[in-house]
Amino acid sequence: MNTNPSDFDEIYKDEIPPATANTEIDTDKKCPSCGGTMDYNPAMNNMTCPYCGYEEAIQVTNESFVAEELDFNQAENDEACDWGTATRTVICKACGAETVYDFNHIASECPYCGSNQIMEQETQVNVMAPGGVVPFQLDAKAAAGRFKSWIKGQFFCPKQAKESAKPKSFTGMYLPFWTFDSQTSSSYTGQYGITRHRRTRDGKTVAETQWHHTSGHYSLFLDDVLVCGSTRQNEQMLRQIEPFDTGKVVEYKPEYLAGFTAERYTIKVKAAWETAKDKIASILKRNIESKIEREHGTSQTRFVQVNTTHRNVTYKYILLPVWISSFKYNGKVYHFMINGQTGKVSGQAPISWLKVLLTAAALIAFFLLIHTMMNADAAVTAHAQELSRILFTLI
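Each chain has its residues counted from 1, following the order in which its sequence is written. Only residues with pLDDT of 70 or above have their local features reported here, since the model is predicted, and side-chain atom pairs are shown and tallied only from 80 upward, although totals for entire chains, interfaces and linings are computed over all residues. The side-chain quantities take in all heavy atoms of the structure and omit both hydrogens and water.

Novice: Before we go on, may I ask you to explain the overall build of the protein chain in this structure?
Specialist: The helix and strand inventory of the protein chain stands at seven helices and 13 strands. Burial classes: relative accessible area under 20% of the type maximum marks a residue as buried, over 50% as exposed, and values in between as partly exposed (1.4 Å probe, protein chains only). When each of the 395 residues of the protein chain is scored for burial, the buried share is 45%. Each accessible area value is a Shrake-Rupley result obtained with a 1.4 Å probe; residue values ignore everything except the protein chains displayed when judging cover. By element, 51% of the accessible surface of the protein chain is carried by carbon and sulfur atoms, the whole surface being about 21200 Å². Only DSSP runs of H or I covering at least 4 residues are called helices, and only runs of E covering at least 2 are called strands; the numbering of each starts at the N terminus.

Novice: Where do I start with the pairing of strand β12 (residues 332–339) in this structure?
Specialist: The two faces of the sheet receive side chains in turn, since in a regular strand these alternate between them. Of all eight residues in β12, six are buried, a share of seventy percent or more. Here, a strand pair is defined by DSSP locating no fewer than two bridges between the strands. Counting the residues that bridge the hairpin from strand β11 (residues 301–329) to β12 gives two residues, and of these Asn330 lies at a positive phi of roughly 55°. Bridge analysis of β12 against strand β13 (residues 345–347) gives three bridges, and the strand direction is antiparallel. Pairing of Phe336 across the sheet is with Gly347, part of β13. Between β12 and β13, which follow one another and run antiparallel, lie five residues, and Gly343 among them has a positive phi close to 85°.

Novice: Just checking my understanding: could you explain the environment of Ser325 for this structure?
Specialist: With respect to the helices and strands, the residue Ser325 is situated in strand β11. In sequence terms Ser325 and Gly172 are 153 residues apart; their C-alpha atoms lie 9.0 Å from each other.

Novice: Sorry, what's going on with the side chain of Asn46 here?
Specialist: Within the element layout of this structure, Asn46 appears in strand β2 (residues 46–48). For Asn46, a relative accessible area of 7% corresponds to the buried category. Any N or O atom pair separated by 3.5 Å or less is treated as a polar contact, with the protein-specific requirement of one donor-capable and one acceptor-capable atom, and with residues adjacent in sequence counted only for side-chain atom pairs. Looking at Asn46, its side chain comes within polar contact range of the side chain of Thr48, at 2.8 Å.

Novice: I tried to follow the sheet that holds β2 on my own but got confused; where do I start?
Specialist: Pairing between sheet strands relies on hydrogen bonds along the backbone, with the strands arranged either parallel or antiparallel. The strand order across the open sheet built from three strands is β1-β2-β3, with neighbouring strands paired in antiparallel fashion. Because the sheet does not close on itself, it has two edges, and the strands there are β1 (39–41) and β3 (55–56). Strand direction decides the pairing type here: β1 and β2, joined by three bridges, are antiparallel. Paired with Asn41 across the strands is Asn46, a residue of β2.

Novice: Which parts of the structure should I look at to understand the side chain of Ser346?
Specialist: With respect to the helices, strands and loops of the structure, Ser346 is situated in strand β13. Polar side-chain contacts of Ser346 include one of 2.4 Å to the side chain of Gln240. Contacts between residues were defined by any pair of non-hydrogen atoms, one from each residue, lying within 4.5 Å. For Ser346, the contacting residues outside a window of four places in its chain are Trp150, Met237, Gln240, Ile241, Phe336 and Met337.

Novice: How should the confidence of the model for the protein chain be read in this particular structure?
Specialist: Low-pLDDT stretches of the model should not have their predicted coordinates read in fine detail. Overall, the prediction assigns the protein chain a mean pLDDT of 78, with 72% of residues at 70 or greater. The predictor's confidence in any single residue is recorded as pLDDT, a number from 0 to 100. Confidence, read as mean pLDDT per element, is least for strand β6 (residues 98–102) in the protein chain (44) and greatest for helix α5 (residues 269–296) (96). Per-residue pLDDT stays below 50 along residues 2–24; that stretch engages in 80 contacts with residues further than four places along the chain or on separate chains. Considering only residues more than four positions removed or in separate chains, one finds that residues 97–104, a stretch of pLDDT under 50, has 44 contacts.

Novice: Help me understand a nonpolar patch on the surface, please; the structure alone is not making it clear to me.
Specialist: Nonpolar side chains (Val, Leu, Ile, Met, Phe, Trp, Tyr) are joined into patches within 5 Å and like charges within 9 Å, using only residues with over 30% relative accessible area and no salt bridge. The rule for a salt bridge is simple: a side-chain nitrogen of Lys or Arg has to be within 4 Å of a carboxyl oxygen of Asp or Glu. A contiguous nonpolar surface patch, about 270 Å² in accessible area, is contributed by Phe155, Phe156 and Ile351. Within the secondary structure, Phe155 is located in the loop between α2 (140–152) and α3 (159–164). According to the relative accessible area criterion, Phe155 is partly exposed, its value standing at 44%.

Novice: When you look at the nonpolar core in this model, what are you seeing that I'm missing?
Specialist: Residues Phe147, Tyr174, Phe180 and Trp323 are the most contacted members of the largest nonpolar core, which totals 58 residues. Mapped onto this core, the elements with two or more residues apiece are α2, β8 (170–199), β9 (205–228), α5, β11 and β12. Among buried residues, the Ala, Val, Leu, Ile, Met, Phe, Trp, Tyr and Cys ones that are joined through side-chain atoms within 4.5 Å form a nonpolar core. If you look at the next biggest cluster of nonpolar residues, it comprises 17 residues, including Cys228, Ile318, Leu320 and Ile324.

Novice: Help me understand α2 in this model?
Specialist: Along an α-helix, a turn takes 3.6 residues, which lines up residues three or four apart on a common side. In this scheme, a helix's expected span is set at 1.5 Å multiplied by one less than its residue total. Over its 13 residues, α2 runs 18 Å from end to end, which matches the ideal 18 Å to within 8%, given 1.5 Å per residue. Within α2, burial applies to Ala140, Ala143, Phe147, Trp150 and Ile151. Along the axis of α2, the buried positions cluster into a sector of 90°, meaning they face one direction only. Across α2 from its buried face, at more than 90 degrees, point the exposed residues Lys141, Ser149 and Lys152. Contacts made by the buried residues of α2 are with α3, β8, β11, β12 and β13. Picture the helix axis, draw a direction to every C-beta atom, and the arc is the one those directions span.

Novice: Just checking my understanding: could you explain the pairing of β9 for this structure?
Specialist: The pairing of β8 with β9 spans 22 bridges and is antiparallel. By the bridge assignment for β9, Arg199 is matched with Thr205. Hairpin connection of β8 to β9: five residues between the antiparallel strands, including Gly203 at a positive phi of 90°.

This is the structure we're talking about:
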């Protein structure tokens, strides 16, 4: 399901070694009908031959699979996750071609014969296998449709860009994510404001806010807080294509990687937990501020300080599906991502500053029209209406 990889110069800056499983037979499966290499088909959730259409079900060994939660206190020291060498030359066992692979990919295609060749893991390297995977649910065609809908919805994007934007290619990639569960217990202090209105002697109404001290305790269990295990992806884009439904995690099977690529984590589990704690802290602070507002019938809080302890912290290492691509407009490359499970799109789009200025001018004209209609005669109002119509037409 991969097209030729795009040139993501800004996203993929560093080359880091791979993590792979010994799963060549499963990911390089040949079609029994025509001999072609079969790919994972997101639309059918099976293995499909792209040449003759032959389909074969993926054998599920555990119908009641639930991804195992691992005890964070027992997390192994993964200091060796970055192995030092940048690239590696491998030989395609289907056609014999020698190819230099990005060492962060744990599944890829031979550029010569199309074989879904898995790089053999070095025996001296200790790699944590994925605890589960969320398979792609959108194929490349569906991803392209989501992109076209997204680009058309970018209001300030030039019309020409909307009509001409064609992704250079789509790369279906499984990205590494850590998930964390934690039972939190927090104590907090802060202030809430109660605003009252009163009239002054000269008849004016003024608002006065009195601030009151508050404190309390708050407990919350957080499930599957996501932290991307890659340093090579655009964090802002990733946040914007969330959420992923981690309840749909299935048992890791190498067949799900056939026709796709998968990146090995480069952020260690303990470093990822520090990021997760920051995300959890933001969630808890928002929840506690809402709690204070509900309890005291106000919408104003300030100086809220939260002290949190974590208990029973567990984690998982899973793979999540993302389509990555780019397009060119006026010589500049714009990158975007698509959630391979939900189809949510995030990315960069060109902006027409003329359109921005015309929109601002149209809004100003609209408010002037309202003011004119309230204070001017019919002739002046008609001219103002015509000006507003022209500006809105130009946008």
